[in-house]
Amino acid sequence: MKKRINRWPFITILILASFARTYAQRLDIYPRRCAYDYLDSIRIASNPSYLANQEFTEKRIQPYLLDNGNRLRLSAESVVTIPVVVHVIHNRKDDHIGGADNQNISDDQIRSQIDVLNEDYGNTSGYQGFYTDSLGVDTGIRFRLAGIVRKYDSRSAFNILTADKILAAISPPWSTNKYLNIWVCDLSSEYLGVAQSPVVSESNAATAGLPTSDQDETNALTDGVIIGWKVFGRNSPAVTSRIYNLGRTATHEVGHWLGLIHTWGKIRCGTDYCDDTPQAESSNSTQDISCKPVYSFCGGFASRNMIENYMDYSPDRCMSVFTNDQKRRMQAVFAVSPRRADLVRNSNSSYESLSVEIFPNPISEYLKFNVYTPNQAQFKVSVLNANGVYILNGIDNQTFINVKSFGSGIYILKVNTDHETVTKRFLVR
Ligand SMILES: [Zn+2]
């Protein structure tokens, strides 16, 4: 009798191996660059005024560009350096930093991301993407690492829909009119990152970054960028994707934070309000890292998609371009968005001594304040009650306080640097 061979273990191994391969591939196929459009559609569906706000933003940016063309060309010579705070939210109980499978990413990984931002926004040679496109420009925007905040949280991952408020509660932003806040964490969905758009208000220079509406108020507390820890930076054991491995998820999201829109706009063959980016049917979502040309048929003729644009979804190695119109758009946002305008003012200003402005006063919910320090020195914030007892003590670089749980009465806000202290009285009612 022929010996029966039990083939099931082999078949099981084959099935498991094939499943593992499919799953591994899917991990790389499945990620989507950015949740900007997804969150947009949800916000518009739940709040029609959100769409009106976006239209208002365009109505402010476009005339500004028309009226200030010459001035923009002149100011293009100057460089704006944005201080960046990276909030690392991790589930590593022992606080160990760095390594292959650790959400608590290394300082080197963080620094590599700042390098990428400076190379990409500076269009510096030697680190181009796949295409060497003559339309690529130096945006005149640079980034400086101002601080790293590490916070343990037992949650292993965050939902992109709710992450902004939760992350801001775990690690509050440093003053969002002075810093770009980037929260790095594990995102539970397939998305790699998301950004908050700049708020554009009726008044700008006069308001100097002060909130002008309820939307501004809540918006300021979550204003920044959220990026998955495995796609943040480059040349790190934690960066494992073969597609999103050069830190360009952050380049893309910071573009949104500065007012840029995807190259295909918001619909098929839509607009990004930049004339020098060809219309595109849709995103270049692909796992093919050969960067081969992609064509669209918009408005009656075929054209090559600018897949090398940072505001597409292309693999990191294919990206290398911000165009001149994108640069002008970001400059316009620096002018018409109060918080971004304040960021530029702060980055270019020097203050001889510590000064603090608080508002509103009296207050029932969020006390907000602007803090100006010499050489952008970091500062600490404390609150004392009328009896001189500390209610809050030594919070780093925060520029808002929720006073809801405070009883009504007079309080003292104390702000100090290593060399100076300023106190302000405020009334909670
Ligand atoms: Zn995007």
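About the thresholds
Residues numbered from 1 in each chain as written. Predicted model: local features only at pLDDT ≥ 70, side-chain atom pairs only at ≥ 80, totals over all residues. Heavy atoms only, no water. Disulfide = S-S within 2.5 Å. Helix = DSSP H or I, 4+ residues; strand = E, 2+ residues; numbered from the N terminus. Buried < 20%, exposed > 50% of the residue type's maximum accessible area, 1.4 Å probe, protein only. Donors = N, O, S within 2.8 Å, 3.2 Å for Na, K, Ca; no water. Tetrahedral: all angles 85-135°; square planar, octahedral: opposite > 155°, others 65-115°. Contact = heavy atoms within 4.5 Å. Phe/Tyr/Trp six-rings, centres within 6.5 Å; stacked < 30°, edge-to-face > 60°. Axes fitted to C-alpha atoms, helices over the stretch in contact; angles between N-to-C directions. Parallel < 35°, antiparallel > 145°, perpendicular 65-115°, else oblique. Left-handed = near helix turned anticlockwise from the far one by under 90°. Nonpolar A, V, L, I, M, F, W, Y, C, P; charged D, E, K, R; others polar.

**Q** Got a minute to help me understand the state of the cysteines in this structure?
**A** Applying the stated criterion to the full structure yields two disulfides. Between C269 and C298 runs a disulfide, and the two sulfur atoms are separated by 2.1 Å. On the sign convention where negative means left-handed, the S-S torsion of about -80° between C269 and C298 marks this disulfide as left-handed. You can see C269 sitting in the loop between α8 (248-257) and β6 (295-298) and its partner C298 sitting in strand β6, a full 29 residues away along the chain. Take C269: its relative accessible area is 15%, and that puts it in the buried class. Two residues, C291 and C318, share a disulfide whose sulfurs are 2.1 Å apart. Between C291 and C318, the disulfide has an S-S torsion of -85° and is therefore left-handed. Placement of C291 in the loop between α8 and β6 and of C318 in the loop between β7 (301-304) and α9 (324-336) is noted, with a sequence separation of 27 residues between them. The exposure class assigned to C291 is buried, which follows from its relative accessible area of 2%.

**Q** What exactly am I supposed to notice about the coordination of the zinc ion here?
**A** The coordination sphere of the zinc ion, as far as protein atoms go, consists of C34 (SG), H252 (NE2), H256 (NE2) and H262 (NE2), spread over 2.0 to 2.2 Å. Geometry at the zinc ion is tetrahedral, judged from the four donor atoms that bind it and their angles of 97 to 122° at the metal. Read in sequence order, the donor residues coordinating the zinc ion give the pattern C-x217-H-x3-H-x5-H. Of this pair, H252 and H256 both sit in helix α8, four residues apart, roughly one helical turn. Residues H252 and H256 agree in their burial class; the two are buried.

**Q** Sorry if this is basic, but what is going on with the environment of A280 here?
**A** Position of A280 relative to the elements: it lies in the loop between α8 and β6. Overall, A280 belongs to the buried group, its relative accessible area being 4%. Distance in space between the C-alpha atoms of A280 and S296 is 5.4 Å, their sequence separation being 16 residues. Discounting chain neighbours no more than four positions away, the residues touching A280 are T263, W264, R268, C269, G270, S296, C298 and N305.

**Q** Looking at this structure, how should I read the packing of aromatic side chains?
**A** In the structure shown here, the tally under the stated rule is nine aromatic pairs. A ring pair is formed by Y121 and F143, whose centres lie 5.1 Å apart and whose planes are at 70°; its orientation type is edge-to-face. Separated by 22 residues along the polypeptide, Y121 in helix α5 (residues 107-122) and F143 in strand β2 (residues 141-152) bring together distant segments of the chain. No difference in accessibility class separates Y121 from F143, as the two residues are buried. Pairing Y310 with F322 gives two aromatic rings, centres 4.6 Å apart and planes at 50°, and the pair type is tilted. Of this pair, Y310 sits in the loop between β7 and α9 while F322 sits in the loop between β7 and α9; the two residues are 12 residues apart in sequence, bridging distant segments of the chain. Owing to a relative accessible area of 2%, Y310 belongs among the buried residues under this scheme.

**Q** I'm lost on the packing of α5 against α8 in this one. Help?
**A** Two measures define how a pair of helices packs: the angle their axes make with one another and the distance between the axes. Direction vectors running N to C along α5 and α8 enclose 60°, while the axes themselves pass 9 Å from each other. Taken together, the axis directions place α5 and α8 in an arrangement best described as oblique. As α5 runs across α8, the sense of the crossing is right-handed. Seen from α5, the contacting residues are Q113, V116, L117, D120 and Y121; seen from α8, they are R248, A250, T251, V254 and G255. Its residues assigned to classes, the contact of α5 with α8 shows five nonpolar, three polar and two charged.

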